[in-house]
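# Descriptive analysis of the structure
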Amino acid sequence: KCFGFILVGVGFLVFVKLNNGIVVGDRSAHEAVIHLPQILYFLIFCGGLMFPYVLQHIKNFPSFAARNFLFIAISGILLAAIVHYNTMGHPYLLADNRHFTFYIWRKFFLRHWSLKFVLVPAYITAAFCITNTLQKSQLMFRILFPVCLILSLAPQALLEFRYFIIPFILCRLQVKPASLSKLLAEFTFLVAINAATLYLFLHRPF
């Protein structure tokens, strides 16, 4: 069962050796860093796209927070510290207006210094909901996925949604739709996102 994973791992090591690194393209603009807020951004991205499945867990969060107030308080302080000391604005993020993240960064994060802290409760809630949504996935996945997620996203200085797509798909594959209505809601939401993207591309060119 592990042969495919081993083959991919060996192939990756061969690529890194032949390429003298993992970067394809401008190496100076894609140097490895420690950027932990990337994990927090992914939680919002993943929770948002899987909203039909995570919404059912939100109602359980207040009672969980009440029972585990100290844990939630420490988590909030820790995340606030990470946001304060480790938030990065990559030069591409600040200059390239062809990406959604450019507008999110400029119109939200740069509007006021305090706004980046407003999302800390959302990060904690999203982590709770996603963890509960993946409760029935295999134990090995629940152990290895967070490790792989950190290793793949945290070294990235640039906030870009395309980095989140593969981890999101891996998460989504672990969720079996419990009802047709949730599946239809997810389908409608994703189609709406794609339609809006196509509209902007075709009718609001840069």
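Here goes a summary of the coordinates provided. Note that the structure is predicted; figures quoted are calculated from it, not measured. (Residues numbered from 1 in each chain as written. Predicted model: local features only at pLDDT ≥ 70, side-chain atom pairs only at ≥ 80, totals over all residues. Heavy atoms only, no water.)

## Concerning the nonpolar core
Spelled out, the test is: Note on terminology: a nonpolar core comprises buried Ala, Val, Leu, Ile, Met, Phe, Trp, Tyr and Cys residues joined through side-chain atoms within 4.5 Å. When accessible area is computed with a 1.4 Å probe and restricted to protein chains, residues below 20% of their type maximum are described as buried, those above 50% as exposed, and intermediate ones as partly exposed. Only runs of H or I of at least four residues qualify as helices and only runs of E of at least two qualify as strands under DSSP, and these elements are numbered from the N terminus. Working rule for contacts: check all heavy atoms of both residues, and any pair within 4.5 Å makes them a contact.
Among the nonpolar cores identified, the biggest contains 39 residues, and Phe 42, Met 50 and Phe 164 are the most heavily contacted of them. Sorting the residues of this core by element identifies α2 (37–49), α3 (51–58), α4 (61–67), α5 (69–86), α7 (100–109), α9 (120–133), α10 (139–153) and α11 (162–172) as the ones contributing at least two each. When residues of this core are assigned to their parent elements, the largest contribution, eight residues, is made by α2. When residues no more than four places from it in sequence are discounted, the contact partners of Phe 42 are Phe 145, Leu 149, Leu 153, Phe 164, Pro 167, Phe 168 and Cys 171.

## Some points on the packing of aromatic side chains
Filter applied, for reference: A pair of Phe, Tyr and Trp rings is counted when the ring centres sit within 6.5 Å of each other, with Trp represented by its six-membered ring. The angle between the planes then sorts it: under 30 degrees is stacked, over 60 is edge-to-face, the rest tilted.
Counted under the stated rule, the structure contains 16 aromatic pairs. Taken together, a centroid distance of 6.4 Å and an interplanar angle of 35 degrees make the contact between Phe 61 and Phe 64 tilted. Here Phe 61 and its partner Phe 64 are both found in helix α4, three residues apart, which amounts to about one turn of the helix. Aromatic pair Phe 64 and Phe 128: ring centres 4.8 Å apart, planes at 35 degrees, arrangement tilted. Here Phe 128 lies in helix α9 and Phe 64 lies in helix α4, a separation of 64 residues in the sequence. The class for Phe 128 is buried, based on a relative accessible area of 12%. Connected via pairs of aromatic rings, a cluster forms that spans Phe 42, Phe 45, Phe 141, Phe 145, Phe 161, Phe 164 and Phe 168.

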